[in-house]
Amino acid sequence: MADTLPSWRDTPTRAALLEFVEAVGEEGSAEFVAPADRVAVFDNDGTLWAEKPVYFQFYFVLDRIRSLAGAHPEWQQEQPFKAAIAGDLKGVAATGMDGLLKLVQASHGGSTMEAFEAQAGEWLAQARHPETGRLFTDMVYQPMLELLDFLRANGFTIYIVSGGGIDFLRQFSERVYGIPRERVVGSSVALQYRSDGGQPRIERLAKLDFIDDKEGKPVGIQRHIGRRPILAFGNSDGDYQMLEWTTSGSGRRLGALLHHTDSKREWAYDHDSAVGRLDRGLNEAAERGWLLVDMKRDWARVFPAP
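Residues numbered from 1 in each chain as written. Predicted model: local features only at pLDDT ≥ 70, side-chain atom pairs only at ≥ 80, totals over all residues. Heavy atoms only, no water.

Undergrad: Any chance you could explain the overall build of the protein here in plain terms?
TA: The helix and strand inventory of the protein stands at 13 helices and eight strands. Against the globule reference of 19 Å for 306 residues, the protein gives a C-alpha radius of gyration of 20 Å, in line with a compact fold. Overall size of the protein, expressed as C-alpha extent along the three principal axes, is 65 × 50 × 35 Å. A separation threshold of at least 6 residues defines the contact pool for the protein, and within that pool the share at least 24 residues apart is 65%. Working note: accessible area of the protein is about 13900 Å², and carbon and sulfur atoms make up 49% of it. For the protein, the distance from the average site of its 35 positive side-chain charges to the average site of its 44 negative ones is 2 Å. (Helix = DSSP H or I, 4+ residues; strand = E, 2+ residues; numbered from the N terminus. Rg over C-alpha atoms; globule rule 2.2 N^0.38 Å. Contact = heavy atoms within 4.5 Å. Areas by Shrake-Rupley, 256 points an atom, 1.4 Å probe, with all protein chains shown as cover. Lys, Arg positive; Asp, Glu negative; His and termini not counted. Charge placed at Lys NZ, Arg CZ, Asp CG, Glu CD.)

Here it is as structure tokens:
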């Protein structure tokens, strides 16, 4: 297995991943798990791709608000829209979660599904990270891409379980991660079906339907997947309940957290971060038997080669 996971350094962390996959895949062993039950779930932001300085979908939200502002002159004086139009991230942050939800509802609702998917797809094809200059879809983690391939080769079915928007994620999940759109679990706006004059369509409403974060993640898993995973991988306290739910089942299981420790190749953050805060999970990982992946120590490479 020397060539397996080449961007992972030869550390106990890599050895633990290899041992787990080998154990559950060895037919006849006490820890064998049938392929149908080899379900793995991965958070997206901060786990499969980067999340600093803010969640990448938020840049899409800001661009959508600016493009819609002409039809809403009242936004020029109304927060959080005023701050969003100006690109004032601190001003948006000052409005809290209520402000963020207003922006998401306004930017993600009020269109057909086809229109939204076209907008998101076009944005993802050209939008670049403000600090690295890379396309956002190039800000994925090479070691995680290798892990996804390794799991697939060993009979795992992989799902994304993210606090990000389900329809936004579906625009790139298969192309970037090899994860089909039907295996994406995420937050969503309310939908309705309409058929006027023989033209059926699904409309997106300016109203949140489900938030797939924290306690919502196990609920989303049950709704969309219907099986308790045997492997859960996250990076923040927003993933705590997903790992708790996964590892509390019977048989061999694995919970893993990516700890962002590399300030030179990426960003270093944990307990006090406003984005991707890892506090409770970091404090309890050892006692819960969760694997803590140290980016600086365990990864030989962070991003794919340009």
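The discussion continues.
Undergrad: It is not clear to me how the sheet that holds strand β1 (residues 39–42) should be interpreted in this structure. Could you clarify?
TA: Within a sheet, neighbouring strands are paired by backbone hydrogen bonds and run either parallel or antiparallel to one another. Across the sheet, which stays open at both edges, the eight strands sit in the order β2-β5-β4-β3-β1-β6-β7-β8 with mixed pairing between neighbours. Two strands in the sheet have a free side with no partner beyond their single neighbour: β2 (111–112) and β8 (291–294). Pairing between strand β4 (residues 184–196) and strand β5 (residues 199–210): eight bridges, direction antiparallel. Of the residues in β5, the one forming a bridge with Ser195 is Pro200. (Pairing = 2+ DSSP bridges.)

Undergrad: I tried to follow the packing of helix α2 (residues 56–68) against helix α6 (residues 113–126) on my own but got confused; where do I start?
TA: Any two packed helices are characterised by how steeply their axes cross, that is the angle between the axes, and by the distance between the axes. In the contact formed by α2 and α6, the axes pass within 11 Å of each other and the chain directions differ by 115°. When the axis of α2 is compared with that of α6, the two are roughly perpendicular. Once α2 is placed against α6, the crossing between them reads as right-handed. Between α2 and α6, the contacting residues are Phe56, Tyr59, Phe60, Asp63 and Arg64 on the first element and Phe116, Gln119, Ala120 and Trp123 on the second. (Axes fitted to C-alpha atoms, helices over the stretch in contact; angles between N-to-C directions. Parallel < 35°, antiparallel > 145°, perpendicular 65-115°, else oblique. Left-handed = near helix turned anticlockwise from the far one by under 90°.)

Undergrad: Explain the nonpolar core to me, please; I cannot follow it from the model alone.
TA: If you look at soluble globular proteins, the nonpolar side chains tend to sit buried side by side. Judged by nonpolar contacts, the single largest core of 70 residues is most densely connected at Phe42 and Tyr177. Of all hydrophobic cores here, the second largest spans 16 residues; its members include Met242, Leu257, Leu278 and Trp290. (Core = buried A, V, L, I, M, F, W, Y, C linked by side-chain atoms within 4.5 Å. Buried < 20%, exposed > 50% of the residue type's maximum accessible area, 1.4 Å probe, protein only.)

Undergrad: Help me out: how do you make sense of α2 in this one?
TA: In an α-helix, one full turn covers 3.6 residues, which means residues spaced three or four apart are oriented alike. Across its 13 residues, α2 extends 19 Å between first and last C-alpha, which sits within 8% of the 18 Å expected from 1.5 Å per residue. Within α2, burial applies to Phe56, Gln57, Phe58, Tyr59, Phe60, Val61, Leu62, Arg64 and Ile65. Buried residues along α2 sit against α3 (81–86), α4 (89–94), α5 (96–108), α6, β3 (157–165) and α8 (166–169). (Expected span 1.5 Å × (residues − 1).)

Undergrad: What should I look at first to understand the pairing of strand β6 (residues 231–234) in this one?
TA: Residues in a regular strand project their side chains so that they alternate between the two faces of the sheet. Residues Leu231 and Phe233 line one face of β6 and the alternating positions Ala232 and Gly234 line the opposite face, and both faces are buried. Taken together, the three bridges between β1 and β6 define a ladder with parallel strand orientation. Pairing of Phe42 across the sheet is with Phe233, part of β6. Pairing analysis gives four bridges linking β6 to strand β7 (residues 254–259), with the strands arranged parallel. Of the residues in β7, the one forming a bridge with Gly234 is Leu257. Regarding the hand of the β-α-β motif, the stretch spanning β6, helix α11 (residues 240–247) and β7 is right-handed. (Right-handed = clockwise from strand over helix to strand, strands pointing away.)

Undergrad: What is the right way to look at empty space enclosed by the protein in this model?
TA: To find leftover empty space, a probe the size of one water molecule is rolled over the atoms. In total, this model carries one cavity of 30 Å³ or more according to the counting rule given. Around the largest cavity sit Asn44, Asp45, Trp49, Gln57, Gly164, Phe168 and Leu169, which together line it. Here the residues of the lining of the largest cavity are counted per class, giving three nonpolar, three polar and one charged. (1 Å grid on protein atoms, 1.4 Å probe; cavity = no way out; pocket = protein on both sides within 12 Å on 5 of 7 lines; lining within 4 Å. Points joined across faces, edges and corners; volume = space filled by probe spheres on them. Nonpolar A, V, L, I, M, F, W, Y, C, P; charged D, E, K, R; others polar.)

Undergrad: Help me out: how do you make sense of the side chain of Asp239 in this one?
TA: Mapping Asp239 onto the fold places it in the loop between β6 and α11. If we ignore the near neighbours within four places in the chain, the residues touching Asp239 are Asp43, Thr47, Lys217 and Gly234.

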